[in-house]
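The lines below spell out each chain.
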Amino acid sequence: MSDEHTRQGTGPDGGRTVERLVAAWLAETEEHDSVAAAEARDGWERGALSERAAQDLATWVTARVTDTGFSEDEGPYVEGPVRITPADKDTVHAWLRARGHPV
């Protein structure tokens, strides 16, 4: 399958998860740094994130894990605009590594 299919969320390697989280990341980035968001969106749409954007995405998804899978006694549920599990984070990191980005 081509990168375009994976980016659009139809690939077998977590593309839907990546697309969902990239959309949330771009929306949040837009709120804080419109120039960085525009550059990242352009790279995303071309199918090639810049190294800066890739690292920002990797850091963002790590920091935004909202569903830890722990019970109330084990740890908190963190509210956020999207549900992000540790597995989602791992999927995004693997997706980035598969495209040559060190994560």
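Calculation notes
Think of each chain on its own: its residues are numbered from 1, step by step along the sequence as written. Where totals are concerned, whole chains, interfaces and linings use all residues; where local detail is concerned, this predicted model gives features only for residues with pLDDT of at least 70, and gives and counts side-chain atom pairs only at 80 or more. Note that water and hydrogens are dropped before the side-chain values are worked out from all heavy atoms of the structure. One speaks of a salt bridge when a side-chain nitrogen belonging to Lys or Arg is within 4 Å of a carboxyl oxygen belonging to Asp or Glu. Counting from the N terminus, the helices are DSSP H or I runs at least four residues long and the strands are E runs at least two residues long. Exposure classes here rest on a 1.4 Å probe applied to the protein chains alone. A residue is buried below 20% of its type maximum, exposed above 50%, and partly exposed in between. What we call a nonpolar core is a set of buried Ala, Val, Leu, Ile, Met, Phe, Trp, Tyr and Cys residues that are connected through their side-chain atoms within 4.5 Å. Contacts are assigned to residue pairs with any non-hydrogen atoms lying within 4.5 Å of each other. Two rings belonging to Phe, Tyr or Trp (six-membered ring only in the last case) form a pair when the distance between their centres is within 6.5 Å. Interplanar angles under 30 degrees mark stacking, angles over 60 mark edge-to-face geometry, and anything in between is tilted.

A. Summary view of the pattern of salt bridges. Counted by the stated rule, this structure contains seven salt bridges. The closest approach of N and O atoms between aspartate 33 and arginine 52, which form a salt bridge, is 3.8 Å. One end of the pair, aspartate 33, is in the loop between α2 (15-32) and α3 (34-46); the other, arginine 52, is in helix α4 (residues 51-63), with 19 residues separating them in the sequence. A relative accessible area of 32% places aspartate 33 in the partly exposed class. You can call arginine 52 partly exposed: its relative accessible area is 46%. Note that arginine 52 is salt-bridged to glutamate 39, the shortest N-O span being 3.7 Å. Here glutamate 39 lies in helix α3 and arginine 52 lies in helix α4, a separation of 13 residues in the sequence.

B. Spatial organisation of the nonpolar core. With 20 residues, the main nonpolar core has Trp25, Leu49, Leu57, Trp60 and Leu96 as its most contacted residues. Among the secondary structure elements, those contributing two or more residues to this core are α2, α3, α4 and α5 (86-98). Excluding residues that lie within four positions of it along the chain, leucine 96 makes contacts with Leu49, Ala54, Leu57, Ala58, His101 and Val103.

C. Examining the packing of aromatic side chains more closely. Evaluated as defined, the whole model comprises one aromatic pair. With 5.7 Å between their ring centres and 50° between their planes, tryptophan 44 and tryptophan 95 make a pair best called tilted. Here the residue tryptophan 44 occupies a position in helix α3, and tryptophan 95 occupies one in helix α5, the gap between them amounting to 51 residues. What makes tryptophan 95 buried here is its relative accessible area of 6%.

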